[in-house]
Amino acid sequence: MKKAITAMAATMMAIALAGCGGSKEETAPVKADGGEETADVSASESSGSKSNGSDETICIYTNNASDGRAEWFSEKAAEAGYDVLIVDVGASDATNRVMAERNNPLCDVLFGLNNIEYEKLKAADCLEQWKPDWTETVDQNLIDKDGYYYPVSTTPLLLIGNADYENMPSDWTDLVQEKYKGQYQLHGLGGGTGKTVYASIVSRYKDPEGELGISEEGWEMAKGFIGNAHDIAEGADSIGDVIDGTYPMDEHWASGVLTEQKNRDYKFQIMTPEVGEPFVVESLAIVKGTDKYDLCVEFCNWLGGSEMQLEWSNNFGTIPCQQEALENVSDDIRELVAVLKPQDLDWAFIAENVDAWVEKAELEFMQ
Amino acid sequence: MNKLTAKFRESNISIPSLALKIFLIWFIVTFLIFPNVNLLLNVFIKDGQFSTDAITKVMKSTRAIKSLKNSFILAVASIVTVNISGILVVLFTEYFDIKGSKLLSLGFMTTLIYGGVVLVTGYKFVYGETGIVTTILCNLYPGMDRQWFVGFWAVLFIMTFSGTSNHMMFLTNAIRGLDYHTIEAARNMGASQMTILFKIVLPTMSPTIFAITILTFLAALSTMSGPLIVGGPDFQTINPMIKVFAGMQGSREIAALLAIILGLATSILLLIMQRVEKRGNYISVSKTKARLVKQKIENPIMNVAAHIVAYTMFVIYMLPIINVLVFSFTDGLTIKTGMITADSFTLENYAKLFRSATAYKPYLVSVVYSLLAATAVAVIGVAVARIVTKGKKKLDKLFEPAILIPWLLPSTMIALGLMMTYDVPRLLLGTKVLIATPVIMLLAYIIIKIPFSYRMIRAAFIGLDANMEEAAKVMGAKPFYTIRKVILPIIMPVVLSVVVLNFNSLLAEYDLSVFLYHPSFQPLGIVIKSATDETATVDAQAMSFVYTVVLMVISTIALWLGRYGGIKQIKNMIMKSKKGVNGR
């Protein structure tokens, strides 16, 4: 027992020390080959120089890795001849990590983050400009004008309601009315869903003179929207509460709505505001300082391409941005997409201010 | 040269202890002070000016003030209730002669192997709308509100019975170290059982109780899951807010400010406790300690009452964990709705655990990291506790506040401090860059566990009999020999308890790991989070239950090895089998 522990400790330490002096090349291979890592680390360490071609490992930070997606993804990548190392990390944590690692970047490709995060990274000079070979076949409005990040899939954020609920509002802004008090559930503003919906409402009231760039009216609206809501407690069954009518409405992401409908054999009402729904666009980007730029571009061409995105959708219910893929997705996704349209949002403005807006809401509006 | 050695001899400076001190000072400056100060400066200084915006913002926020108030109410209340239940639990299992105390102690130990969201959800299953207790109560009192288990009392109830881990570990050690002669002597002089308990037993244990009180206070101040899940709109606490703000670049100063307020409150309590501690004398005088004999409660009514209380508590402890075990075999929908039917049961959750061939790896990574960190922390804790309790110089006492720094900041910010400081070569580290190396997470694990470990080990040192050491010295033992052969064996139970508790709590660590882990070494916390991420999977909660059960198994093994003589038993078994072979 003691020996085993000592041996493990020694191995860890050796790796740790090697890592300390490490340069960018020090990225061990995928977890597929458990025991051999130590050797590989030191090998790449001693050689010190880049090996050529596609036998290099691409390190990907993504919030699209949970629920078996990471395993599926690395298998697919391996079939296509790419050696990938997937780091499963939430969107805002991924941003924090990339920013903090600026002087010693570990990550090559960012995948799945939304515009808010990419705009922050862009402003912090953490991204590399590039251009995939599939820009023609995606919605041009979703592409970053400066050419840093490109869309792969979208997640509309919706307000769903109990099938028999009669007062379904026509827009998020209706919810501030007295009759909706405590009738709708919101997710925490720390997470992507809650934050984006909130930003999509607040940013409608842009006013350069106003506090944090928002007019007086906008803040009234924000206060009502947050203050009127029921906050979803951790572990609470928000969907179940919609179905049994405890809280007849819920803020939810589209793919989740479809799975819940299937699992619980239920059909929700879906609010379709005239301005459209906030579409979270999941994009691809290359991190500044990568020494495998060309390989990354080639990899992103493959990952964001029609074929791969269709497979991804068929397996995990995403809504692909590629036209051709979108035409071939499953029926329930196509039906849903048909009734939705993306709200026109100023992402740069949102990215710049959203943290301050959330801060204000957390401090002043939440109960 | 001769002069120098003479000087050394004169001033009683030993080279090894000087080297140790220099190392500790370097460690404290490099990992406890510099990164955190660097972060705070970064956070509070905006455009070259010290910003007090955070204070105004917090003062203006009714929610922040209310949450802070709630946190303090909960902390103060739980000091009382957790100490009562914790002391009772230890008395029932170690001091009084209660029938079936072995079984009871197994029940009371359950808090050592699970916690957080899963524990609170377990309680919610029992006392919530669809829970068994609620159903029974509703049958007794029709018309009762099924949603009764919400708000302050619900949170306090959960705290009271789930916060006794430290009592179970350290108070048990303390009571076992009690000298039975003192009790016998008191009895011979005609003291009643009550008098013995309150005048002899509890006072001797008070250094440990003080230390545990601080930990309880801190745990209640920074509790997350309890208020979030059963607090309801009226009883939310401050830590969820701190966490949200710590994760947002522009709001970190508020997180830091709020955390510092909590930290200062803890420091004040710490000071008060130390003052009280100084007044007392906790060392039992006898040189030949006798083993404690369990006390039968003489008063028959009291005896029956004690049994009833003990077994009621046992049921309270067991119901949630049984629920967790049962629900881990059901599908996600069952867990969400809390309704079990015949076809709710499935093994699919467990099957998912081992779907890929490399599924074992995160376990290995986390076990290695946690073990290394827990061991390193224990060594540092012993060294500093020794210096602080033995040192005569003013400077020696300064180790204490320095080593408690990590209590002042939430773990997210400690991670960020390390990342922001060691992303460039620094002289303190011999110009090594820490970021993006496997070692940074290990350091962070060590850092966050230092204050707790130090505080518990210090309590053990306070209760140490100085005469033993003197005797060793008189007989010519060198200082390090004395530590190894005399002091360490006495404090070893506490040190091992610290190691086990740290190991268990680091196994599924997430808050720090998410920022610091190296992609090649994914720790368990990350894997669990990704398997239990609600946005990705409907079975998220089922998976979090399954992982909890797996962690329970690992934690139980760790407990057994570290605390309950597991290593010895294994050794004996090996010896026996060897003997058996030789004999033939």
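Residues numbered from 1 in each chain as written. Chains lettered and ligands numbered in written order. Predicted model: local features only at pLDDT ≥ 70, side-chain atom pairs only at ≥ 80, totals over all residues.

## Points about the overall build of chain A
Phase 1 of the analysis: Counting its secondary structure elements, chain A contains 14 helices and twelve strands.
Phase 2 of the analysis: Per-residue burial for chain A yields a buried fraction of 47% across its 367 residues.
Phase 3 of the analysis: Here the contacts in chain A between residues at least 6 apart in sequence split such that 74% fall between residues at least 24 apart. (Helix = DSSP H or I, 4+ residues; strand = E, 2+ residues; numbered from the N terminus. Buried ≥ 20, exposed ≤ 12 C-beta atoms within 10 Å, placed from the backbone. Contact = placed C-beta atoms within 7 Å.)

## Examining the overall build of chain B
Phase 1 of the analysis: In terms of helices and strands, chain B carries 28 helices and two strands.
Phase 2 of the analysis: Taken against the 2.2 N^0.38 rule, which gives 25 Å for 584 residues, the C-alpha radius of gyration of chain B at 25 Å falls within 12% of a compact globule.
Phase 3 of the analysis: The C-alpha extent of chain B, read off along each of the three principal axes, is 85 × 70 × 65 Å.
Phase 4 of the analysis: Going through the 584 residues of chain B one by one, you find that 47% of them count as buried.
Phase 5 of the analysis: A fraction of 78% describes how many contacts in chain B between residues 6 or more apart in sequence connect residues 24 or more apart. (Rg over C-alpha atoms; globule rule 2.2 N^0.38 Å.)

## Quick notes on the pairing of strand E3 (residues 109-113) of chain A
Residues and elements named next belong to chain A.
Phase 1 of the analysis: Among the five residues of E3, five are classified as buried, and the element is accordingly described as predominantly covered.
Phase 2 of the analysis: Of the pairings in the sheet, the one linking strand E1 (residues 57-62) to E3 comprises three bridges and is parallel in character. Bridge assignment links Thr62 to a residue of E3, and that residue is Phe111. (Pairing = 2+ DSSP bridges.)

## Regarding the confidence of the model for chain A
Phase 1 of the analysis: Averaged over all residues, the pLDDT of chain A is 83; the fraction at 70 or higher stands at 85%.
Phase 2 of the analysis: Averaged pLDDT values for the elements of chain A fall to 36 in helix H2 (residues 37-47) of chain A and rise to 96 in strand E4 (residues 127-128) of chain A. (pLDDT = per-residue confidence, 0-100.)

## A look at the domain arrangement of chain B
Residue and element names in this part refer to chain B.
Phase 1 of the analysis: Splitting chain B by domain gives domain 1 (14-51 + 360-531) and domain 2 (52-327).
Phase 2 of the analysis: If you average the C-alpha positions of domain 1 and of domain 2, the two centres end up 25 Å apart.
Phase 3 of the analysis: Each partner contributes residues to the interface: domain 1 has 22 residues there, and domain 2 has 27 residues.
Phase 4 of the analysis: Where the side of domain 1 that touches domain 2 is concerned, the elements lending two or more residues are helix H2 (15-44), helix H21 (411-421), helix H22 (439-462) and helix H24 (479-507).
Phase 5 of the analysis: In terms of residue class, the side of domain 1 that touches domain 2 is built from 15 nonpolar, five polar and two charged. (Domains from an automatic or database assignment. Nonpolar A, V, L, I, M, F, W, Y, C, P; charged D, E, K, R; others polar.)

## With respect to the packing of helix H5 (residues 115-123) of chain A against helix H14 (residues 347-365) of chain A
All names here are of chain A.
Phase 1 of the analysis: For the pair H5 and H14, the least separation of the axes is 8 Å and the interaxial angle reads 80°. Between H5 and H14, the angle is such that the two are roughly perpendicular. Of H14, the residues touching H5 (which contributes Asn115, Ile116, Glu119 and Lys120) are Trp347, Ala348, Ile350, Ala351 and Val354.
Phase 2 of the analysis: Considering only residue class, the contact of H5 with H14 consists of six nonpolar, one polar and two charged. (Axes fitted to C-alpha atoms, helices over the stretch in contact; angles between N-to-C directions. Parallel < 35°, antiparallel > 145°, perpendicular 65-115°, else oblique.)

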